[in-house]
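# Notes for the structure review
Residue strings, one per chain:
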Amino acid sequence: MSQSDLPRPRRRRRFLTAAGLCVLLALVGYLVVQFNSLGGGGAPHCTASDTAGNAGGRGARQSYDMTPEQAANAATIAAVGVAKGLPDRAVTIALATAMQESALRNLDHGDRDSLGLFQQRPSQGWGTPEQIMDPVYSAGIFYDRLVEIKGYSRLPLTEAAQRVQLSGFPQAYAKHEPDATVLTAAFAGGGEVACGGPAPTAPGDPEKVRGELKRIFAKGSLHTTPASPSSTGDGGRGIKETEVTVVEKSDGGAPAERGSRAIAGWAVANARGLNIARVSYNQRGWIAGQANGQWQDKGLPGAKAGDGDPHNANQGEVRIFVKK
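Since this is a predicted model, take the numbers as computed values, not measurements.

Rules and cut-offs
- Residues numbered from 1 in each chain as written.
- Predicted model: local features only at pLDDT ≥ 70, side-chain atom pairs only at ≥ 80, totals over all residues.
- Heavy atoms only, no water.
- 1 Å grid on protein atoms, 1.4 Å probe; cavity = no way out; pocket = protein on both sides within 12 Å on 5 of 7 lines; lining within 4 Å.
- Points joined across faces, edges and corners; volume = space filled by probe spheres on them.
- Nonpolar A, V, L, I, M, F, W, Y, C, P; charged D, E, K, R; others polar.
- pLDDT = per-residue confidence, 0-100.
- Contact = heavy atoms within 4.5 Å.
- Phe/Tyr/Trp six-rings, centres within 6.5 Å; stacked < 30°, edge-to-face > 60°.
- Helix = DSSP H or I, 4+ residues; strand = E, 2+ residues; numbered from the N terminus.
- Buried < 20%, exposed > 50% of the residue type's maximum accessible area, 1.4 Å probe, protein only.

When its volume is computed, the largest pocket comes out at roughly 410 Å³. Lining the largest pocket we find 18 residues, and of these Ser114, Gln119, Arg121, Gln165 and Leu166 sit closest to its centre. Considering only residue class, the lining of the largest pocket consists of 6 nonpolar, 7 polar and 5 charged.

Turning to the confidence of the model for the chain, a few remarks are in order. Keep in mind that low pLDDT regions are not for reading the predicted coordinates in detail. Across the chain, pLDDT averages 85, with 77% of residues at or above 70. Note on residues 28-40: pLDDT is under 50 here. Beyond four places in sequence and across chains, it has 8 contacts. Within the model, pLDDT remains below 50 along residues 234-239, and this stretch shows 11 contacts once partners closer than five positions in the same chain are excluded.

All right, on to the packing of aromatic side chains then. Applying the stated rule across the entire model yields 2 aromatic pairs. Judged by centre distance (4.8 Å) and plane angle (15 degrees), the ring pair of Phe118 and Phe142 falls under stacked. Of this pair, Phe118 sits in the loop between α3 (88-102) and α4 (129-132) while Phe142 sits in helix α5 (residues 135-146), placing them 24 residues apart in sequence. Owing to a relative accessible area of 0%, Phe118 belongs among the buried residues under this scheme. For Phe142, a relative accessible area of 0% translates into the label buried. Their ring planes at 75 degrees and their centres at 6.2 Å tell us that Phe142 and Tyr143 sit as a pair that is edge-to-face.

Take a look at the structure:
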């Protein structure tokens with residue numbers, strides 16, 4: 001028997017096993033360090049749900065996962081529809097259309113000269129490239145053309161969307177209707193959007209937040225905002241935030257309440273891009289980098305409790321705290 005025919009010693013197999021275990025432990029250690037470096041917030045992510053909190057019971061709650069970019073764009077599309085006073089059906093049609101056309105991404109390219117969330121074409125009268133790349137504008141002009149269709153809310157979604165878009169694939173919109181319905185509930189109805197990830201480390205610009213809200217909601221005139229933002233301490237930990245507060249008008253009724261829900265969802269979905277640290281609305285609060293991005297009731301771990309909490313929102317208020 002030659003030397004090459006002899007069985008190989010098992011030491012090499014044990015060595016490879018040990019080396020693999022070391023690599024695995026190193027990977028786990030890296031992930032733990034990364035998690036801690038992000039303040040326990042984990043990787044950025046957003047989940048829209050059609051019911052808030054634990055309502056609906058296990059198995060009844062529908063959800064849709066998104067990146068922060070997709071969530072911010074979905075929130076803007078929904079907010080523009082709410083600001084225009086349009087029904088949930090219009091918001092669902094718009095969201096399903098953008099999901100098909102761009103996967104809720106503000107694309108700077110497309111078929112021929114198509115651009116943006118809805119892949120609108122400057123050459124077809126949708127606006128200038130700069131306008132179309134503005135999500136507020138592109139959502140607004142989509143709604144303007146949608147409402148020109150008589151009885152659009154009673155049409156099948158794919159037919160209503162196709163009459164606006166004139167797409168080469170008219171049946172493609174239908175498959176997005178269930179998810180678009182969840183998004184509509186999350187941003188304009190009784191659901192919610194939760195966004196996880198690290199707390200902001202850079203200061204935000206409260207005037208930019210205020211300006212974006214005015215661009216979307218000013219025409220509706222159902223809310224007011226105080227002229228000057230205020231600074232609020234963070235539980236004695238030395239972290240200060242600048243506040244932007246939106247208040248429902250006393251005669252706003254149900255439309256103003258719907259608008260407040262849209263504003264709260266918009267703020268959470270745009271928290272990563274605008275360095276928003278927390279949002280308070282309707283006896284609940286969302287805090288960046290805590291509770292895996294979930295909204296918290298008063299008194300729950302990670303949430304502020306008690307009437308003296310400086311972050312609590314009064315009835316009819318949405319309080320947005322930007323990192324200072």
